[in-house]
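Listed below are the residues making up each chain.
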Amino acid sequence: MFEFAGDWEKPVNYLFLIVTAFIAVHGIRYRTEDGKTDVVRLLFGCIAATFFMLVLFQDVLGVVSFG
């Protein structure tokens, strides 16, 4: 995904995984004081989880190839 980084592609991929994992976990697990979920945080958490899986399986593990 980050081919423009050249030799730094692998560290950039790992940094991206760490950041998106944090966003996904925070967005999906967030609850208000009443115990209700916030739809916007849940949406962005799911989007971050999707990008996490994309980079993990395609660029880091090399299991799948999309186009």
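Structure's up top.
Our subject in this report is the structure included herewith.

Calculation notes
- In every chain, residue numbers begin from 1 and rise along the written sequence.
- Local features in this predicted model are restricted to residues of pLDDT 70 or higher, and side-chain atom pairs are both shown and tallied only at a pLDDT of 80 or more, whereas totals for entire chains, interfaces and linings draw on every residue.
- The side-chain figures draw on all heavy atoms in the structure; neither hydrogens nor water molecules are used.
- Each helix is a run of DSSP H or I of at least 4 residues and each strand a run of E of at least 2, with the numbering of both proceeding from the N terminus.
- With a 1.4 Å probe rolled over the protein chains alone, any residue whose accessible area is under 20% of its type maximum counts as buried; one over 50% counts as exposed, and the rest are partly exposed.
- Any Lys or Arg side-chain nitrogen found within 4 Å of a carboxyl oxygen on Asp or Glu counts as a salt bridge.
- To pair, rings of Phe, Tyr and Trp, with the six-membered ring standing in for Trp, must have centres within 6.5 Å; the planes then decide the type, stacked if under 30 degrees apart, edge-to-face if over 60, and tilted in the middle.
- Geometrically, a charge over a ring is one whose NZ (Lys) or CZ (Arg) sits within 6 Å of the ring centre while staying within 35 degrees of the ring normal.
- Note on contacts: a residue pair qualifies if any of its non-hydrogen atoms lie within 4.5 Å across the two residues.
- For a helix, the expected span equals 1.5 Å multiplied by the number of residues minus one.
- Working note: the arc is built from the helix axis to C-beta atom directions.
- By definition, no residue in a patch forms a salt bridge, and every one has over 30% relative accessible area; like charges are joined within 9 Å, nonpolar side chains (Val, Leu, Ile, Met, Phe, Trp, Tyr) within 5 Å.
- Exposure was quantified through the Shrake-Rupley algorithm and a 1.4 Å probe, taking into account, for residues, occlusion by the shown protein chains and nothing else.
- Polar contacts here mean pairs of N or O atoms no more than 3.5 Å apart (in protein, one a potential hydrogen donor and the other a potential acceptor; neighbouring residues in sequence count only if both atoms are side-chain atoms).

### Some points on the environment of Leu-43
Phase 1: Its location among the elements puts Leu-43 in helix 2 (residues 39–60).
Phase 2: A relative accessible area of 49% means that Leu-43 is categorised as partly exposed.
Phase 3: Spatially, the C-alpha atom of Leu-43 lies 28 Å from that of Lys-10, the residues being 33 residues apart in sequence.

### Focus on the pattern of salt bridges
Phase 1: Inspection of every chain in the model, using the stated rule, returns 1 salt bridge.
Phase 2: We note a salt bridge from Asp-38 to Arg-41, for which the minimum N-O separation is 3.1 Å.

### Some words on the packing of aromatic side chains
Phase 1: Across all of its chains, the model carries 0 aromatic pairs by this definition.
Phase 2: Sitting above the plane of the Tyr-30 ring, Arg-41 keeps its charged end 4.0 Å from the centroid.

### With respect to the side chain of Asn-13
Phase 1: The residue Asn-13 is located in helix 1 (residues 9–29) in this model.
Phase 2: In this structure Asn-13 comes out as buried when scored by relative accessible area, which is 4%.
Phase 3: Non-local contacts of Asn-13, meaning those with residues more than four positions away in its chain, are made with Phe-2, Val-55, Asp-59 and Val-60.

### Focus: helix 2
Phase 1: The end-to-end C-alpha separation of helix 2 is 30 Å, in line with the 32 Å expected for 22 residues at 1.5 Å each.
Phase 2: Buried within helix 2 are the following residues: Gly-45, Ala-48, Val-55 and Leu-56. On an axial view of helix 2, the arc spanned by its buried residues comes to 95°, and they lie on one face. Among the exposed residues of helix 2, those oriented more than 90 degrees off its buried face are Val-39 and Thr-50.

### As for a nonpolar patch on the surface
Phase 1: A cluster of nonpolar side chains, Met-53, Phe-57, Leu-61, Val-63, Val-64 and Phe-66, forms an exposed patch at the surface whose accessible area comes to about 560 Å².
Phase 2: Relative to the elements of secondary structure, Phe-66 occurs in the segment after helix 2.

### Thoughts on the side chain of Thr-20
Phase 1: Here Thr-20 is to be found in helix 1.
Phase 2: At 3.3 Å, the side chain of Thr-20 forms a polar contact with the backbone oxygen of Leu-17.
Phase 3: Other than its neighbours up to four places away in sequence, Thr-20 contacts Ala-48 and Phe-52.

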